[in-house]
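Observations on the three-dimensional arrangement
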Amino acid sequence: MVERATDCKPQMISMTLNGERVSIQANETDRLTDVLRHGEPSLTGTKLSCGIGRCGACSVLVNGELVNSCLLMAYQVEGASVTTIEGVGKGSLDPIQIAFMEEGGFQCGYCTPGMVMAVKALLLENPEPNDEQIVEGLSGNICRCTGYEGIKRAVRAAIRKQN
Amino acid sequence: MSKSRKRPDGNDKVTGQLAYLTDRTFPEMLYAKVLRSAYPHARIRSICTERAKELPGVKAIITHQDVPGVNGFGIITPDQPVFCDETVRFIGDAVAAVAATSVEVAEEAIKRIDVTYDVLSVLDDPAKSLAKDAPKLRDDGNVLYKKSFTKGDVAEGFKHCTAVVEETYHVPRQMHAYMETEGGVVVPEADGGITVYMGTQHGFKDQFQLSRILDLPKESIRIVSSPMGGSFGGKDELNVQPYAALLALKTNKPVKLHQTRAESVISSIKRHPMAITIKTGADETGKVIAHDVKIVADTGPYATLGPAILDFAVEHSAGPYRFEHVAVDGTSVLTNNAVSGEFRGFGGNQITFALENQMDRLAEQVGMCPLALRKLNLRGEHDLGPLEQRIVPTTGASDVLENVERLKDQLEFKKDLPFVRTGVGIAMAMHGGGLGFGRLDGAGGRLSLSDEGKIDVSFGFEEVGQGIVAVIEELTIAALHCDENDITITIGDTNRVPHSGSTTASRGTSMVWHALERMKQEFKEKLCEQAALITDEPVNDLCLGTGGIYKGEEQVLTYRSLREQVTSEANVVVETSFDFPTTPDEVDGGHYLYTFAGVLAAVEVDLLTGQVNVTHLHQAISAGEVVNELGYKGQIEGGGVMSLGYSIMEDMGMEQGHYLKPNFDTYMLPTISDVPRLSVDAIEKLPDGDVHGPRGVGEIGTVAVAPAITKAIHDALGIWINKIPVDPSTILQAIEKEGATWWNEQPIVSHK
Ligand code: FES
Ligand code: FES
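Everything numeric here is computed off the predicted structure, so don't read it as measured data.

The sites that UniProt annotates as "domain: Aldehyde oxidase/xanthine dehydrogenase a/b hammerhead" (unreviewed entry) are residues 15-121 of chain B. Note that residues 15-121 of chain B is 12% helix and 32% strand, and that its end C-alpha atoms are spaced 51 Å apart.

Below, the discussion takes up the domain arrangement of chain A. All names here are of chain A. Domain annotation of chain A identifies domain 1 (11-87) and domain 2 (95-162). Using only C-alpha atoms to locate each centre, domain 1 and domain 2 end up separated by 21 Å. Taken together, the contact pairs 15 residues of domain 1 with 13 residues of domain 2. At the boundary of domain 1 with domain 2, total buried surface from both sides reaches about 1,100 Å², with 67% on carbon and sulfur atoms. Inspection of the region where domain 1 meets domain 2 yields zero salt bridges. Put simply, domain 1 and domain 2 have four residue pairs in polar contact (both at pLDDT 80 or more) between them. The leading source of residues in the side of domain 1 that touches domain 2 is strand E3 (residues 59-62), at three residues.

Moving on: the domain arrangement of chain B. All names here are of chain B. We note that the domain assignment places domain 1 (10-120 + 176-267), domain 2 (274-435 + 587-744) and domain 3 (442-579) within chain B. Using only C-alpha atoms to locate each centre, domain 1 and domain 3 end up separated by 36 Å. Contacts between the two partners involve 19 residues from domain 1, matched on the other side by 16 residues from domain 3. When the buried area of domain 1 at its contact with domain 3 is split by residue, Gln-201, Phe-204 and Arg-222 rank highest and sum to 43% of it. Linking domain 1 to domain 3 there are one salt bridge. Linking domain 1 with domain 3 are nine residue pairs in polar contact (both at pLDDT 80 or more), by the criterion used here. Within the residue set of the side of domain 1 that touches domain 3, elements represented by two or more residues are helix H6 (203-214) and strand E11 (221-224). The element best represented in the side of domain 1 that touches domain 3 is E11, accounting for four residues. Of the residues belonging to the side of domain 1 that touches domain 3, the class tally is six nonpolar, 10 polar and three charged.

Looking now at the packing of aromatic side chains. Evaluation of the coordinates by the stated rule reveals nine aromatic pairs over all chains. With 5.1 Å between their ring centres and 85 degrees between their planes, Tyr110(A) and Tyr20(B) make a pair best called edge-to-face. With Tyr110(A) in the loop between helix H2 (95-103) and helix H3 (112-125) and Tyr20(B) in the loop between helix H1 (10-14) and strand E1 (30-36), the pair connects residues from two separate chains. For Tyr110(A), a relative accessible area of 0% puts it in the buried group. Classification of Tyr20(B) by relative accessible area gives buried; the value is 2%. Note on Tyr321(B) and Phe323(B): the rings are 5.8 Å apart at their centroids and 10 degrees apart in plane angle, and the pair reads as stacked. Tyr321(B) gets classed as buried once you look at its relative accessible area, which sits at 3%.

Taken together, the contact between chain B and chain A spans 57 residues of the former and 44 residues of the latter. Together, the buried faces of chain B and chain A total about 4,200 Å²; carbon and sulfur atoms form 59% of this surface. For chain B, the biggest contributors to the area lost against chain A are Val14(B), Met179(B) and Ile672(B); these three give 21% of the whole. Counting across the interface, chain B meets chain A through four salt bridges. Arg144(A) is paired through a salt bridge with Glu650(B); the nearest N and O atoms lie 2.7 Å apart. At the junction of chain B and chain A, the tally comes to 19 residue pairs in polar contact (both at pLDDT 80 or more). Elements with a contribution of two residues or more to the side of chain B that touches chain A: H1, helix H3 (103-111), strand E12 (255-258) and helix H16 (629-648) of chain B. Among the elements that take part in the side of chain B that touches chain A, H16(B) stands out by supplying eight residues, more than any other. A breakdown of the residues in the side of chain B that touches chain A according to their chemical character gives 23 nonpolar, 21 polar and 13 charged.

Cut-offs and rules
- Residues numbered from 1 in each chain as written.
- Chains lettered and ligands numbered in written order.
- Predicted model: local features only at pLDDT ≥ 70, side-chain atom pairs only at ≥ 80, totals over all residues.
- Heavy atoms only, no water.
- UniProt positions renumbered as here; feature names shortened; annotations may be inferred.
- Helix = DSSP H or I, 4+ residues; strand = E, 2+ residues; numbered from the N terminus.
- Domains from an automatic or database assignment.
- Contact = heavy atoms within 4.5 Å.
- Buried area = accessible area lost by both parts, 1.4 Å probe.
- Salt bridge = Lys/Arg side-chain N within 4 Å of Asp/Glu carboxyl O.
- Polar contact = N/O pair within 3.5 Å; in protein donor to acceptor, adjacent residues only side chain to side chain.
- Nonpolar A, V, L, I, M, F, W, Y, C, P; charged D, E, K, R; others polar.
- Phe/Tyr/Trp six-rings, centres within 6.5 Å; stacked < 30°, edge-to-face > 60°.
- Buried < 20%, exposed > 50% of the residue type's maximum accessible area, 1.4 Å probe, protein only.

Structure (structure tokens):
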């Protein structure tokens, strides 16, 4: 739960977070991002940058779908399965993560968790997207550093790796 | 060098494990918010914090009365108030700050601080500030700084010109838009000092500035400033550090302050908007004879690096060319707009847009190929620098131009589609590295063997995303012949690193290389001497290698056991400090090492909408040896796309001193769908005997993109652009004015 001064009531939210069933305390007004980052889970891999659904830094998967966690209230994920960057490549790195490293898909890395989640969602839906589909799949994620070329290279390499 | 090594920070970044400074939390931490001004220009009549104090959870409220030291900051001149007392001069000026038990309480408290103002008239344009009857933003008027440069006699020069082009160019207020907004945590320490966990591009400078504000000795302030989620120059100046620091000292609790995007937009520095008027004349052969430049920069109300940026623009006014008569007159004007400051390119991007446009227009007037005109006026290997100072010999200018010319000849043009015209443009730039002559530009580094038996390489730089850790790793491996597992890298912590100067001005790579060149011999010798004593091997037979000390092919001692057998006092530590190489000539601000870019842009222009779509962006870069291929490419590609934004999308518009674009829903940044085909050619060649090693490439990929794009638009439509970002409606109007009609299937003007 994120500490509030105002009179909103805390509630318990049950969800499957990165494969584990958890119950997390949250306020009615907490966004999913707030609870993940600052609540009990302390999962700071999910970033917050614009806070209005325009940059994708806060991307997570909810029931396998890519969402901006800054636009979702915490109570909306009751009963859902939530995957954050911490849930990707647990144990051994995901081919997407390896590809990002090998192809220079990041610089400052602040967009990277969200970007990896977007690629994850894209490849779950379509394991072999063409360039146009890659662009479409990642068009909600802003990267200010790379110029996206390294990210495109990384996605193409990830597609090859998973085959 | 292997060059394609993966970055050492890669694993933590792709897994989300890397703790940025804004991700940190500490026990009993409080949350802070800053109250910014309600008006862009006003006198403060009163500040009342009573209603805010009553709010449960509020732990401290501070205003100008709570600043123990100097109530001001600024890298050169501390003229920006930490908290305004009498007057607010822009909408991002701070008036008060609050620490509370939660972000929400702090936000609520801020709303309950009652400030009354007497509104003053707003100087939202340099022209207004320069008007005779304008209110003065500081006692001596509204001109922050003037800089000029003359060579020859332009008036005389113009008499000999047969072609003259005169134009005024306007370039926008670009926002850095680093993805991680400003912030972090300040923690009070038991000894009365503080640790500041907040990003910056020069930890020791923040330490100095904060010591002045807090009236604390520098030694009591530890700055942990790395890693960062981007900066691009934008976090070099102090931002929210003073507020969290003052509140942490006042409450004796850790204080977190992480700006929202909207708060960042309001308070952060931006790229200088400039109006650049240039008259350039050539003779009938295309030789430029006279070049008269007037620069007016909107610097906002406070100095930060405004003067240095103007110096840089003035210096680069003739770019890579040699003109006989040059007069440059620059003025940095105070306004009530955003504070303009350091941004990747540092004034070079603005002046290059104007200069390269002039070259293209002149070529048209003279009736010659724009590339031929450039070549005719280009500097040679041993020519003086743009301020007539001696510089390191370089063939970069002609090298990059040849590269893009070759590519242009190979390009196959798509035929124009109905309602779409295509075009290609070329531009180039020359860009100085380091801070320039007469500026404190010290650098240094340290090599030591850590207690764990690792070779610790330590620099006072910050990792902002540019890949300095990869550069350090790569260059250390090359210098010491060890491998990545033998090395630890320590940066961005004033308690643990030597002074290396700022992580700016494309100086990092260069400084790491110079430092290692100076330290490597001594470090190797000292380790081998110790190893010789331990192993009884002759010292001359020993050398460093992977994992330890070798005799020929055989490892005789690991670094770890070497360390274990040496006392702490005798442990090898090698340090160096030196200055960034500058020109031997006493030319204020003049640079010595320059890099070059040649850019080719291809565009499609939609005749129905006026939209410009960049389809290919190629950059040829001359900056010496490539240290890390992925890092190099990333800097140039990323810089290129950032400048694509500058050329056709990004402008942080302001009206009456208020921002028009509060967040990324209105301030549009390039997304993956805006990205053209990108290509980068690194020209690694340096003149024989060059002793300066690889140059930095943090900025050069941003400098010459805009003029290449606008020339491509000219190539497509025959219209000249004098203002960026290119506005589709300007294009539509121009098409109409030219008398062309979009339903006409014939080319609008003949091209090619
Ligand atoms: S932070 Fe959620 S989309 Fe930008
Ligand atoms: S790597 Fe910095 S924003 Fe993408």
